[in-house]
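One letter stands for each residue in the lines below.
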Amino acid sequence: MKTDLEAVSRAASEWQEEVVGPKLGKLKVPESPTRFYSPQDLQDFDFLESVGFPGQYPFTAGNDPIPTWQAKARQMAMAGYRYEWGASGSGKYGGFGAPEDYRDYLLRMHGLGRKGGPNIAFDLPTQCGYDSDSPWAEGEVGRVGVALDTFRDFEVIYEAYTGGLDIDKVPSNFTINAPAAVIIAMYVALAEKRGVPLDKLRGTPQNDILKEFVSRGAYILPPEPSMRLFRDTLVFCTEHLPNFNITSIGGYHMREAGASREQDLAFSMANGAAYLQAGVDAGLPVDSFAHRFTFNAFGGSMEIFQEVAFQRAARRMWAGMLRERFGAKNPRSMMIRQIATAHVGCTSTTLQRPLNNLIRAVVGALAGAMSGGVPLAFPPYDEPLGLGHSLEAQQLAHDATRILIYEAKVGEVVDPWCGSYFMESLTNEIEEAARLELEKIEKMGGAVAAVDNGYMHRAIAKSAYERQKRLETREEFQVGVNCFDGPHELELSTGRTVPEVYDAELLNSAEERQKATLKQVKRERHERETARALNELHRRARDGYANLLPEILDCVKSYATLQEICDVLREVFGEAKPATG
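Residues numbered from 1 in each chain as written. Predicted model: local features only at pLDDT ≥ 70, side-chain atom pairs only at ≥ 80, totals over all residues. Heavy atoms only, no water.

**Focus: the layout of surface pockets**
Here the second largest pocket defines a volume of roughly 940 Å³. If you list the elements that add at least two residues to the lining of the second largest pocket, you get α11 (251-256), α12 (261-281), α14 (356-370) and α18 (455-472). Counting residues per element, the lining of the second largest pocket draws most heavily on α18, which supplies eight residues. Considered class by class, the residues forming the lining of the second largest pocket number nine nonpolar, 11 polar and 12 charged. (1 Å grid on protein atoms, 1.4 Å probe; cavity = no way out; pocket = protein on both sides within 12 Å on 5 of 7 lines; lining within 4 Å. Points joined across faces, edges and corners; volume = space filled by probe spheres on them. Helix = DSSP H or I, 4+ residues; strand = E, 2+ residues; numbered from the N terminus. Nonpolar A, V, L, I, M, F, W, Y, C, P; charged D, E, K, R; others polar.)

**Let's talk about the pairing of strand β3 (residues 172-175)**
Both faces of β3 are covered, namely the face carrying S172 and F174 and the face carrying N173 and T175. Both β3 and strand β4 (residues 203-205) contribute to a ladder of three bridges, which runs parallel. Bridge pairing in β4 places S172 opposite G203. Taking the sense of rotation as the criterion, the β-α-β connection linking β3, helix α8 (residues 180-194) and β4 turns out right-handed. (Buried < 20%, exposed > 50% of the residue type's maximum accessible area, 1.4 Å probe, protein only. Pairing = 2+ DSSP bridges. Right-handed = clockwise from strand over helix to strand, strands pointing away.)

**Re unusual backbone geometry**
The linkage connecting Y57 with the following residue, P58, adopts the cis geometry, with an omega of 5 degrees. Within the secondary structure layout, P58 lies in the loop between α2 (47-50) and α3 (68-71). Backbone torsion omega between F378 and P379 reads 0 degrees, so that peptide bond is classified as cis. Summarising the element assignment, P379 is placed in the loop between α14 and α15 (391-407). Positioned with a positive phi, K28 is a non-glycine residue whose angle comes to about 60 degrees. Look at K28 and you get exposed, because its relative accessible area is 73%.

**So, helix α5 (residues 99-111)**
Between the first and last C-alpha of α5 there are 19 Å, a value that for 13 residues agrees with the 18 Å anticipated at 1.5 Å per step. Every buried residue of α5 is listed here: P99, E100, D101, Y102, R103, Y105, L106, M109 and H110. Directly after α5, the chain includes G113, whose backbone phi takes a positive value near 90 degrees. (Expected span 1.5 Å × (residues − 1).)

**Some thoughts on empty space enclosed by the protein**
By the definition in use, this model includes two cavities of 30 Å³ or more. Here the largest cavity defines a volume of roughly 150 Å³. Lining the largest cavity are 16 residues, with N177, A178, P179, L221 and L229 sitting closest to its centre. For the lining of the largest cavity, the elements supplying multiple residues, two or more each, are α8, α10 (223-240) and α22 (562-573). Among the elements that line the lining of the largest cavity, the one with the most residues is α10, at four residues. A per-class count over the lining of the largest cavity returns 12 nonpolar, four polar and no charged.

**Thoughts on helix α9 (residues 209-216)**
In terms of residue burial, α9 counts as a mostly covered element, since six of its eight residues are buried. Taken residue by residue, α9 has I209, L210, K211, E212, F213 and V214 as its buried positions. At its buried positions, α9 is contacted by α10, β5 (247-250), α11, α12, α17 (447-452) and α18. Immediately downstream of α9, the backbone of G217 shows phi near 90 degrees, a positive value. (Contact = heavy atoms within 4.5 Å.)

**With respect to the packing of α12 against helix α16 (residues 421-444)**
Contact pair α12 / α16: the axes reach a minimum separation of 8 Å and the direction vectors enclose 50 degrees. When the interaxial angle is binned, α12 and α16 end up oblique. Between α12 and α16 lies a crossing of right-handed hand. Here R261, E262, L265, A266, F267, M269 and A270 of α12 lie close against α16, whose contacting residues are I430, A433, A434, E437, L438 and I441. A per-class count over the contact of α12 with α16 returns 10 nonpolar, no polar and three charged. (Axes fitted to C-alpha atoms, helices over the stretch in contact; angles between N-to-C directions. Parallel < 35°, antiparallel > 145°, perpendicular 65-115°, else oblique. Left-handed = near helix turned anticlockwise from the far one by under 90°.)

**What about the pattern of salt bridges?**
Considering all chains together, one arrives at 37 salt bridges under this definition. Of the charged contacts, one joins D166 and R194 as a salt bridge, the two residues approaching to 2.7 Å between their closest N and O atoms. In this pair, D166 sits in the loop between α7 (151-157) and β3 while R194 sits in helix α8, placing the two residues 28 residues apart along the sequence. For R194, a relative accessible area of 26% translates into the label partly exposed. With a shortest N-O distance of 2.8 Å, E564 and R525 are connected by a salt bridge. Note that E564 is positioned in helix α22 and R525 in the loop between α19 (504-524) and α20 (527-541), a separation of 39 residues in sequence. (Salt bridge = Lys/Arg side-chain N within 4 Å of Asp/Glu carboxyl O.)

**Quick notes on the side chain of Q338**
Within the secondary structure layout, Q338 lies in the loop between α13 (304-325) and α14. A polar atom in the side chain of Q338 sits 2.8 Å from the side chain of Q311. With sequence-adjacent residues up to four places away left out, Q338 is seen in contact with F295, A297, F298 and Q311. (Polar contact = N/O pair within 3.5 Å; in protein donor to acceptor, adjacent residues only side chain to side chain.)

In structure tokens form, the structure reads like this:
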């Protein structure tokens, strides 16, 4: 039945005059704090073009007509799976101290039934290409992740993964960007040493260097040579690791740094386009590698309607770019592959009254279910209290997800907002705003140019300032922070029933222990072979067309340190300069 838009328009005018107007007068407010959507807001809506069915282009309604997690929900409940989606998936993101500490932590988690593959957080020196004995590493070794200096450290971590949990049976995730090529080389070296065929390796390196320049700051080389290393990993993985992902693009970090919702989407698309172009420029057909791109996550907020619309817009925008700009033919190349969809983001959590963060996480989990993903109650409530979520907080988060799945049954409808005047209009608005921002970046020459000229960094800094100002002036509210924070409010907490996730004594002693280990590795390695490998890397790096992964692999096998490898690249390409402006 076709809607008579003229009749709707007349009725809307009458409603405003006869119903809304008198109510505004009664409430003594100049304008309504709410909005109502009608067919007027969604004229010329084409379902097949704008939404389509789940699992089909343009993927607005979701990637999967029958999400695997929903199909297996009853099986998982009956089997009593505790935390991961079985041993075929990656475990919880984590890492601390020396490699031995993290290995022992993983074994402890295995004993608790958490047998997913490693999902490794590296410390800041490792992320920035420094060894544990570097002056730049002092005080940071093993603090926000595990310290890793040489292939020996990598081998120690993977002592937790043998037999039924060997690397051909579980995937590995590496949250690392600037030295991602070195970590990938270590994974390959381990596979070769264990006799595991490379085509059996599964996993995901973050390998998203462009967002480091605009948000996190863990970069080593300037943008252009950084993109050369990305190209080399892309080509190497495509040719030798067909079941290993190439990158995990992260708008999440940009939003956490202060980016607006539209900037998050536009900058993510711009970065993704630059990575795709790197593969195309290397001579590879886009469908040979695009399906191995993943998204770590986009950012999130407590505005769940907007976050649901964001996810729908993102899927449509990415699919359109792959098909129209890059000529992709394979539908898998056009999908945004990510573990979680909408969520609240860690910056939505508060140090004040931290148990409220569980409520916030449940709000985000509901948005996740409504936007095509698992209703993950993330992050655990103690996120602002320091690295290493307590097992109690993890238990509450897992149970919140389970309650949404099994009791609220939020997964029984795919894209429940499909066709809503409100949601379809909001999806269009967010996509259009992001598209305008993306066009601005493309006119500059793309993401690399926008990184080089500082545009992205300045835009995020400005957005972060504006949000903080809104909180300070109470234009926006955060419960327990700038409202409902009086002395009569109660502070609630939970007791600890199990040991700390990370041992404080191990954290405090990690630096000295790791320095001693590194000294021993250098003493015992074949120095001549190490020098030869590093010299060959230096020579090949000067050839702009050479793929450096084979040389980096040789360096790794010779037990060259992470910093020695990165220092060779620093010498050839120079170091990145901090963004200004």
